[in-house]
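The residues making up each chain are set out below.
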Amino acid sequence: MKDIPIADVRNFVLVGHTGSGKTSLVDALLYKLGVNDRLGNPGDGTSAADWTDEEKNRKITVWAKPFDAVWRPKGGKALRLAMLDTPGYADFYGQVVAATSVADAAVLLVDATAGVQVGTVRSWKRCEALNLPRAIVVTGLDKENADFAATVAALQDVWGARCEVVTFPTDDKKGVVDALAATGGPADEIRAKLTDVAAESSDELIEKVLGGETLTADELSSGLRASVAQAKFIPIFAVMARQSVGLDELLSGFARLMPSPADRPAKDAAGNAVDPSATAPLVAQVWRSINDPFVGQLTLARIWGGTLREKSEIFNATKEQKETVGTFYFLNGKKQETVPEAQAGDVVALAKLKATGLNDVLCAPGKPVQLPPIVFPNPVVSFAVHPKTQGDEDKLGQGLHRVAEDDPTLHVQRNDETHELIITGIGDVQIDAAMDRMKTRSKVEVTLSTPKVAYKETVTAKGEGHYKHKKQSGGRGQYGEVYLRIEPMKPGVEHWFVDGIVGTSIPRNFLPAIEKGLVEGMTRGAVAGYPVVNTMVTVYDGSSHDVDSSEIAFKIASRTAFKDGMSKARPVLLEPIMNIRVTIPGEFMGDCTGDLNHRRGRIMGMESDDGMQVIVAEVPQAEVFKYSSELRSMTGGRGSFEMSFNRYDVVPANVAQKVVAEAAKNKQAEEEE
Ligand SMILES: Nc1nc2c(ncn2[C@@H]2O[C@H](COP(=O)(O)OP(=O)(O)O)[C@@H](O)[C@H]2O)c(=O)[nH]1
Ligand SMILES: [Mg+2]
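Residues numbered from 1 in each chain as written. Chains lettered and ligands numbered in written order. Predicted model: local features only at pLDDT ≥ 70, side-chain atom pairs only at ≥ 80, totals over all residues. Heavy atoms only, no water.

Enquirer: Can you walk me through the overall build of the protein chain in this structure?
Expert: The number of helices and strands found in the protein chain is 16 helices and 32 strands. The principal-axis extents of the C-alpha atoms in the protein chain amount to approximately 110 × 60 × 50 Å. Relative to its full complement of 673 residues, the protein chain shows a buried share of 53%. Counted over contacts in the protein chain with a minimum sequence separation of 6, partners at least 24 positions apart contribute 72%. About 30,200 Å² of surface is accessible on the protein chain, with carbon and sulfur atoms providing 49% of the total. Distance from the positive charge centre (77 side chains) to the negative charge centre (90 side chains) of the protein chain: 4 Å. (Helix = DSSP H or I, 4+ residues; strand = E, 2+ residues; numbered from the N terminus. Buried < 20%, exposed > 50% of the residue type's maximum accessible area, 1.4 Å probe, protein only. Contact = heavy atoms within 4.5 Å. Areas by Shrake-Rupley, 256 points an atom, 1.4 Å probe, with all protein chains shown as cover. Lys, Arg positive; Asp, Glu negative; His and termini not counted. Charge placed at Lys NZ, Arg CZ, Asp CG, Glu CD.)

Enquirer: What is the right way to read helix H16 (residues 653-672) from this model?
Expert: Count 3.6 residues to each turn of an α-helix, and residues three or four apart come out pointing the same way. Look at H16: 28 Å from first C-alpha to last across 20 residues, which is about the 28 Å you get at 1.5 Å a residue. Among all positions in H16, only Val-655, Ala-656, Val-659 and Ala-663 are buried. For H16, the buried positions fall inside an angular range of 95° around the axis, keeping them on one side. Among the exposed residues of H16, those pointing more than 90 degrees away from its buried face are Ala-653, Asn-654, Gln-657, Lys-658, Lys-665, Glu-671 and Glu-672. Each element contacted by the buried residues of H16 is listed here: strand E29 (571-584). (Expected span 1.5 Å × (residues − 1). Arc of directions from axis to C-beta.)

Enquirer: Can you help me understand the site of ligand 1 in this one?
Expert: Neighbouring ligand 1 are 16 residues, the closest being Gly-19, Thr-23, Ser-24, Asn-41 and Asp-142. Interatomic distance of 2.9 Å between a backbone N/O atom of Gly-21 and an oxygen atom of ligand 1. Taking Thr-23, its side chain carries an N or O atom lying 2.8 Å from an oxygen atom of ligand 1. When ligand 1 is considered free in solution it has 570 Å² of accessible area, and contact with the protein chains removes 81% of it. Per-class residue counts for the shell around ligand 1 are 1 nonpolar, 11 polar and 4 charged. (Near = heavy atom within 4 Å. Polar contact = N/O pair within 3.5 Å; in protein donor to acceptor, adjacent residues only side chain to side chain. Nonpolar A, V, L, I, M, F, W, Y, C, P; charged D, E, K, R; others polar.)

Enquirer: Help me out: how do you make sense of helix H13 (residues 551-568) in this one?
Expert: In this model, H13 (18 residues) spans 26 Å end to end at C-alpha, consistent with the 26 Å of a helix rising 1.5 Å per residue. Taken together, the buried positions of H13 are occupied by Ala-553, Phe-554, Ile-556, Ala-557, Ser-558, Ala-561, Phe-562, Gly-565 and Met-566. In this fold, the buried residues of H13 make contact with strand E24 (456-459), strand E25 (463-471), strand E26 (478-488), helix H12 (511-523), strand E28 (535-543) and E29.

Enquirer: What exactly am I supposed to notice about the coordination of the magnesium ion (ligand 2) here?
Expert: Six octahedrally arranged donors around a metal ideally form angles of 90 or 180 degrees; four tetrahedrally arranged donors ideally form angles of 109.5 degrees. The protein atoms that coordinate the magnesium ion (ligand 2) are Thr-23 (OG1) and Thr-61 (OG1), at distances spanning 2.0 Å. In this pair, Thr-23 sits in helix H1 (residues 22-32) while Thr-61 sits in the loop between helix H2 (53-58) and strand E2 (65-71), placing the two residues 38 residues apart along the sequence. With respect to burial, Thr-23 and Thr-61 carry one shared label: buried. (Donors = N, O, S within 2.8 Å, 3.2 Å for Na, K, Ca; no water.)

Enquirer: Please explain the packing of aromatic side chains as it appears in this structure.
Expert: What describes a pair of aromatic rings is the distance from one ring centre to the other and the angle between the planes of the rings. Under the definition given, this model contains 10 aromatic pairs. Centre to centre, the rings of Phe-237 and Phe-254 are 5.9 Å apart; their planes meet at 85°, and the pair counts as edge-to-face. On the criterion of sequence distance, the pair formed by Phe-237 in strand E9 (residues 234-238) and Phe-254 in helix H9 (residues 247-257) is long-range, its members being 17 residues apart. Taken together, Phe-12, Phe-237 and Phe-254 form an aromatic cluster joined through their ring pairs. The aromatic ring of Trp-304 is capped on one face by Arg-302, whose charged end is 3.8 Å from the ring centroid. (Phe/Tyr/Trp six-rings, centres within 6.5 Å; stacked < 30°, edge-to-face > 60°. Lys NZ or Arg CZ within 6 Å of the ring centre and 35° of its normal.)

Enquirer: What's the story with the side chain of Arg-302 in this structure? I'm lost.
Expert: Looking at the element boundaries, Arg-302 is found in strand E11 (residues 296-305). With relative accessibility at 0%, the residue Arg-302 sits in the buried group. Within the structure, Arg-302 has its side chain in polar contact with the backbone oxygen of Val-102 (distance 3.1 Å). Ignoring sequence-local partners within four residues, the contact set of Arg-302 consists of Asn-11, Val-102, Ala-103, Asp-104, Pro-261, Val-283, Ala-284, Gln-285, Trp-287, Gly-345, Asp-346 and Val-347.

Enquirer: What's the story with the sheet that holds strand E19 (residues 361-363) in this structure? I'm lost.
Expert: Strands belonging to one sheet form pairs held by backbone hydrogen bonds; the direction of such a pair is parallel or antiparallel. Across the sheet, 8 strands lie side by side as E14-E13-E19-E10-E11-E18-E15-E16; this open sheet has antiparallel pairing. The open sheet terminates on both sides in strands that have one partner only, identified here as strand E14 (321-325) and strand E16 (335-338). Strand-to-strand, the axes of this sheet are offset by a mean angle of 40°, without reference to chain direction. Bridge analysis of strand E13 (residues 312-316) against E19 gives 2 bridges, and the strand direction is antiparallel. Bridging from a neighbouring strand, Phe-315 pairs with Cys-363 of E19. (Pairing = 2+ DSSP bridges. Axes fitted to C-alpha atoms, helices over the stretch in contact; angles between N-to-C directions.)

Enquirer: What should I look at first to understand the nonpolar core in this one?
Expert: For soluble globular proteins, nonpolar side chains are generally found buried alongside one another. Leu-25, Met-83, Ile-136, Phe-148, Phe-254 and Trp-287 are the most contacted members of the largest nonpolar core, which totals 99 residues. No other element matches strand E4 (residues 105-111), which puts 6 residues into this core. In terms of domain composition, this core takes at least three residues from each of domain 1 (6-183 + 235-257) and domain 2 (283-363). The residues touching Ile-136, leaving out its near neighbours within four places in the chain, are Leu-108, Val-110, Trp-124, Leu-155, Cys-163, Ile-234, Pro-235, Ile-236 and Phe-237. Formed by 33 residues, the second largest nonpolar core is a distinct cluster that contains Leu-396, Ile-580, Met-589 and Cys-592. (Core = buried A, V, L, I, M, F, W, Y, C linked by side-chain atoms within 4.5 Å. Domains from an automatic or database assignment.)

Enquirer: Even after reading the chapter, I still don't get the packing of helix H3 (residues 93-101) against helix H4 (residues 118-130), so can you show me in this structure?
Expert: For any two helices packed against each other, the geometry is given by the interaxial angle and the distance between the axes. Remark: H3 packs on H4, axes separated minimally by 11 Å, with the N-to-C direction vectors making an angle of 35°. Relative to H4, H3 is oriented so that their crossing is right-handed. Listed contacts from H4 to Tyr-93, Val-97, Thr-100 and Ser-101 of H3 are Arg-122, Arg-126 and Leu-130. Partitioning the contact of H3 with H4 into residue classes produces 3 nonpolar, 2 polar and 2 charged. (Left-handed = near helix turned anticlockwise from the far one by under 90°.)

Written out as structure tokens, the structure is:
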């Protein structure tokens, strides 16, 4: 906003374990800063931040959302806050990835009664990967057993002395002391430590300190701020959000220590800094896209530089297309405030853009800039989706598509081989929430099931096939005879169908029909009726009849000869094999490797990563459809995994037997219908 210079803007993302009080802090700030006239609580569904139905019902944050407020301290400068609240629950990690990508800093919340949790570590790692400046806010201090000092010690134990206290609770927990402002008692001790941190940021300050002088308040702040910007110093704040205690001290800490959009400009794809000033050409990045049934299409963008104006022409540099900006808003939960212009640090919601989607870069006309795209985690959990009501298939397809549009970590796909609609996500709670959303929006109810495995078949040896199709019924008969050879595809060979016919046993004009018959034959292999791959067919002989031979006769002959030949070419069943990377605390190592072996997995290696153990393995897809929830219960939520397709490989005989039996049963059921 125009009246507050960029230097006085603080854009930050709130991250941390689920239940650490992120949304409560947002609610407390919105209430304190006059955005809302009552204090909402995510715990009882009254939060102004967790306002969507799915969030109210589950009492957790599901979406990363922007909030906007101004702090006007008595006698001080106004500070504009652009906050991004994020979900702590692992299934919604994609939202954390999006929001951290467009924030200038992170605020990591840690519950004083729980300490460092899985979600805390996950958030921290994300910040490290982005080298994001950050602060820690200790919450839950009003709870019984809460111990601020012990929590600080635990944080320093994991992340070292770069984490140091700036504000701390009084003994009666009725107030919070700001060590940068107060004197006497523990504040002096803390300030001495902070002075050392600040001194390290510049030669000038270090000389002053070594010379025995005390740093002025401004020197101390600016020294600390330089270290925060490089993530070398991480200030710890104590806050009691629900009691509105420690908020002024927190905000004044943000003003003194946290970076402004001018301190940490975005880098374009070539590594050049984007000019953050308001007079520079516009650069804004789309990090979320909302398809709301009431407000329509909303595009959430973070402005990195220049000024975005209402009713203006801009350029989508990613799509290389002009866009017209109508109105845009600051969002505060359900509230939308129209703003005429926005600058670096602002997160705005643009209505009704035509061509713009996630990850697009919006620029001034004639000044295109490319930014590195936000890279989302790969979804790993799949379910087959079936409509509860027959006849809802079309509605289901559309509905799924629509919910997947809002969430880049949800993929929807029809599997052409199993004929199932498959939804893939990060976790089952995420998929469950998406299905609820679809029920409300598209009025389709569904059941979920474990997807069918898309088996394939191939041959491992040479096999001869033969069939003579001969029918004499009344008038014109049908005649076609085919001899063929089936073998595994040879490396480097391009075409799977080889014409090896010598002489005129089969007239050449029937070859296309023969090939069609083979293609049909390959859709249902000889083992269990799955598609056949990697198989070469040479047709080398046959016979025809002047009158009775026809395309249809040769199609039937080649299709049947294929089945004959395939069954003699030592056919096998193939299954998808996945790469899996399981990250767990060391204590679960034995359980997890044992479990993977049990799932027919092959351990390829082990690594350690930041205090966690990593198992790298290959495992058949059929065995890991439910791995997400099973790993969660095996490790108490402390394990995580990534998964990607590797290859198709032969199904071991004992397992294949069961698949074949199952296929035979299904075929019989089909025929009886
Ligand atoms: N006693 C107490 N409860 C809190 C505090 N912060 C949050 N809560 C409660 O803890 C629950 C989870 O808080 P929430 O803000 O949704 O956590 P988030 O998942 O990090 O956003 C809610 O019921 C809050 O009312 C706190 O500092 N003290
Ligand atoms: Mg929350």
